[in-house]
Amino acid sequence: MDPQGGHYLNKAAVLSGLGAARMCQLLLGCTTMALVAHSAGFSATYGTYCMFVWCFCFAVTLVVFTLDVTRLHGCMPISWDNFTVAFAMLATLMYVTASVVYPVYFLRSECPSEGCEVRNYRIAVTVCSSVCCFAYGAEVFITRAKPGHVVGYMATMSGLLKVVQAFIACIIFGALANGSEYNRHIPTQYCVVVYSLCFSVTVVVVALTVSGRTSSLRFPFDRFVVIYTFLAVLLYLSAAVVWPVFSFDKKYGTPGRPENCPREKCPWDSKLVIAVFTCANLVLYFTDLVYSQRIRFVSHSAA
C-alpha cells in the first residue's frame, strides 16, 4: 500500500503546498468567471481575450489537478513535471495580462450606465484575477529547480524563460497585426521574420521538452538549444536596432505620436509596443544564454 494515499489516489496532490496552490487557482478562477458571467460582463476583443484566459487556465488546471490526484498522469505520453511547470508559467503570464487589460478597458472611477453594482463586480473580478496571478506564481516557485535536485528542463530558469519569450513574441505579433504598417519597409519585414523564426524554434524546444522526446533526437539537444539561443540574441539585437530606426526616425517614420491618432487603432502605438517588447525579449534571450551554460537536460518522462 502506498503511504501517499493508496494505489489510486494521491493525497500529496492535495495535502501539500502545490495542492493548496492549485486549489486556490481553481477557486479564484471559478469565482472570476462567475462574477464576469453574472454581472461584470465583457465585450470586444479585449474582453473576449480576458474571458478566454480565465476559462482556458481553469480548464487546464482542473485537468492537471484531477490527473495528479488520481495518478493518471503516469499514462500520459509526456514529461509531466515539464508540462505542469510550463503551463503554470504560461498561466501566470496570461493572468497578469488579463488582470491589467480588464480594468484598463472595463473599470472606471465613475459608475457605468448599467449602475454602480456593475462597477463593484468589475472591481471584484480585477481583485480575484490579480490574486490568482500569485497562486500560479506560487506553483512556479514551488516546482522550480532547486540546488542539488534533478528536475526537468522546464523547471530551470532557462526553461521558464523560454515560456516568457514565446509569450512576449505573441504580444509582438498582436501589435504587428494591429495596424503596425510593418510592410512599408523591407527592414521592418526583416524584423517580422526574426520574431517569427525565434518564436517558432522556441515553441519547438518547449514542445520537444514537454513531450519527453529530446533523448530520441540524433543530435545533442542541449548544445542545439545553447547555439540557437546565441543566434536568437544576435537576431533580436539586430531587430532592436532596425525596428526603432525605421519606425521613429523622421526619415522613415514619425518621431512623435500624431495628435489625431485614435487610441485603439494608432500605428504609432503598435510600433512603440513592438519596440519595447523587442528590447524585453533581447534581455530575456541574453539572460537565457547565461543560464543555459549551467544546466543539463532531463529527457525522460517524469512521473
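Residues numbered from 1 in each chain as written. Predicted model: local features only at pLDDT ≥ 70, side-chain atom pairs only at ≥ 80, totals over all residues. Heavy atoms only, no water.

- Looking at an unreviewed UniProt entry, one finds the protein chain named Myeloid-associated differentiation marker-like protein 2, with Carassius auratus as its source organism.
- In its Sequence similarities (unreviewed entry) section, the UniProt record describing the protein chain reads: "Belongs to the MAL family." (UniProt positions renumbered as here; feature names shortened; annotations may be inferred.)

Looking at the overall build of the protein chain
Reasoning step 1: The helix and strand inventory of the protein chain stands at eight helices and zero strands.
Reasoning step 2: What you see in the protein chain, going N to C, is helices and strands ordered as α-α-α-α-α-α-α-α.
Reasoning step 3: Rg of the C-alpha trace for the protein chain: 22 Å, near the compact-globule value of 19 Å for 303 residues, within the 12% margin.
Reasoning step 4: In terms of overall dimensions, the protein chain has a C-alpha envelope of 75 × 60 × 25 Å along the principal axes.
Reasoning step 5: The buried share of the protein chain, taken over its 303 residues, is 45%.
Reasoning step 6: A sequence separation of at least 24 residues applies to 77% of the contacts in the protein chain between residues at least 6 apart.
Reasoning step 7: Per element, the accessible surface of the protein chain, about 15,400 Å² overall, is 69% carbon and sulfur.
Reasoning step 8: A distance of 7 Å separates the average location of the 21 positive side-chain charges in the protein chain from that of its 14 negative side-chain charges. (Helix = DSSP H or I, 4+ residues; strand = E, 2+ residues; numbered from the N terminus. Rg over C-alpha atoms; globule rule 2.2 N^0.38 Å. Buried < 20%, exposed > 50% of the residue type's maximum accessible area, 1.4 Å probe, protein only. Contact = heavy atoms within 4.5 Å. Areas by Shrake-Rupley, 256 points an atom, 1.4 Å probe, with all protein chains shown as cover. Lys, Arg positive; Asp, Glu negative; His and termini not counted. Charge placed at Lys NZ, Arg CZ, Asp CG, Glu CD.)

Quick notes on unusual backbone geometry
Reasoning step 1: Phi is positive for Ala44, which is not a glycine, with a value near 65 degrees.
Reasoning step 2: Structurally, the position occupied by Ala44 is in helix H2 (residues 44–70).
Reasoning step 3: A positive phi angle is found at Arg71, which is not glycine, with a value near 65 degrees.
Reasoning step 4: Looking at the element boundaries, Arg71 is found in the loop between H2 and helix H3 (80–106).
Reasoning step 5: In this structure Arg71 comes out as partly exposed when scored by relative accessible area, which is 25%.

Let's talk about a nonpolar patch on the surface
Reasoning step 1: Together, Met157, Phe286, Val290 and Tyr291 line one region of the surface with nonpolar side chains, adding up to about 360 Å² of accessible area.
Reasoning step 2: Its place among the elements puts Val290 in helix H8 (residues 267–291). (Patch = residues over 30% accessible without salt bridge, like charges linked within 9 Å, V, L, I, M, F, W, Y side chains within 5 Å. Salt bridge = Lys/Arg side-chain N within 4 Å of Asp/Glu carboxyl O.)

Considering the UniProt feature "transmembrane region" (unreviewed entry) in the protein chain
Reasoning step 1: Mapped onto this numbering, the UniProt entry annotates "transmembrane region" (unreviewed entry) at residues 12–40, 46–67, 79–101, 121–138, 150–177, 192–212, 224–246 and 272–291.
Reasoning step 2: Helix makes up 96% of residues 79–101 and strand 0%, whereas the separation of the span's terminal C-alpha atoms amounts to 33 Å.
Reasoning step 3: Summarising residues 224–246: 100% helix, 0% strand, and an end-to-end C-alpha distance of 32 Å.

Describing the environment of Val163
Reasoning step 1: Note that Val163 resides in helix H5 (residues 157–177).
Reasoning step 2: When the C-alpha atoms of Val163 and Leu93 are compared, they prove to be 9.1 Å apart, with 70 residues separating the residues in sequence.
Reasoning step 3: When near neighbours in sequence (up to four residues on either side) are disregarded, Val163 contacts Ala86, Met89, Leu90, Leu93 and Met154.

A few points about the pattern of salt bridges
Reasoning step 1: Inspection of the entire model under this criterion finds five salt bridges.
Reasoning step 2: Lys162 is the salt-bridge partner of Asp288, the closest N and O atoms lying 2.4 Å from each other. With Asp288 in helix H8 and Lys162 in helix H5, this residue pair connects regions lying 126 residues apart in the sequence. By the burial criterion, Asp288 is buried, and Lys162 matches it.

Some thoughts on the domain arrangement of the protein chain
One frequently used descriptor of interface size is the decrease in accessible area upon assembly of the parts.
Reasoning step 1: The domains assigned to the protein chain are domain 1 (7–153) and domain 2 (156–254 + 263–302).
Reasoning step 2: On a C-alpha basis, the centroid separation for the pair domain 1 and domain 2 is 25 Å. (Domains from an automatic or database assignment.)

With respect to the environment of Gly41
Reasoning step 1: Secondary-structure assignment places Gly41 in the loop between helix H1 (17–40) and H2.
Reasoning step 2: Separated by 81 residues in sequence, Gly41 and Arg122 place their C-alpha atoms 8.0 Å apart.

Brief notes about the confidence of the model for the protein chain
Atomic detail in the predicted coordinates should be set aside for any region of low pLDDT.
Reasoning step 1: Scored by pLDDT, the protein chain has a mean of 86; 90% of the residues are at 70 or more.
Reasoning step 2: In this model, residues 1–6 is a region of pLDDT below 50 whose contacts with residues beyond four sequence positions or in other chains number eleven contacts.
Reasoning step 3: A low-confidence stretch, residues 297–303 stays under pLDDT 50, and its non-local contacts, those more than four residues away or across chains, total 21 contacts. (pLDDT = per-residue confidence, 0-100.)

Some points on the packing of H5 against helix H7 (residues 221–248)
Reasoning step 1: It is at 14 Å that the axes of H5 and H7 come closest, and there the two elements cross at 30 degrees. One finds that H5 runs roughly parallel with respect to H7. Handedness of the crossing formed by H5 with H7: left-handed. When H5 is examined against H7, the residues Lys162, Ala169, Ile172 and Leu176 are found in contact with a partner set consisting of Val225, Tyr228, Thr229, Tyr236 and Trp243.
Reasoning step 2: A per-class count over the contact of H5 with H7 returns seven nonpolar, one polar and one charged. (Axes fitted to C-alpha atoms, helices over the stretch in contact; angles between N-to-C directions. Parallel < 35°, antiparallel > 145°, perpendicular 65-115°, else oblique. Left-handed = near helix turned anticlockwise from the far one by under 90°. Nonpolar A, V, L, I, M, F, W, Y, C, P; charged D, E, K, R; others polar.)

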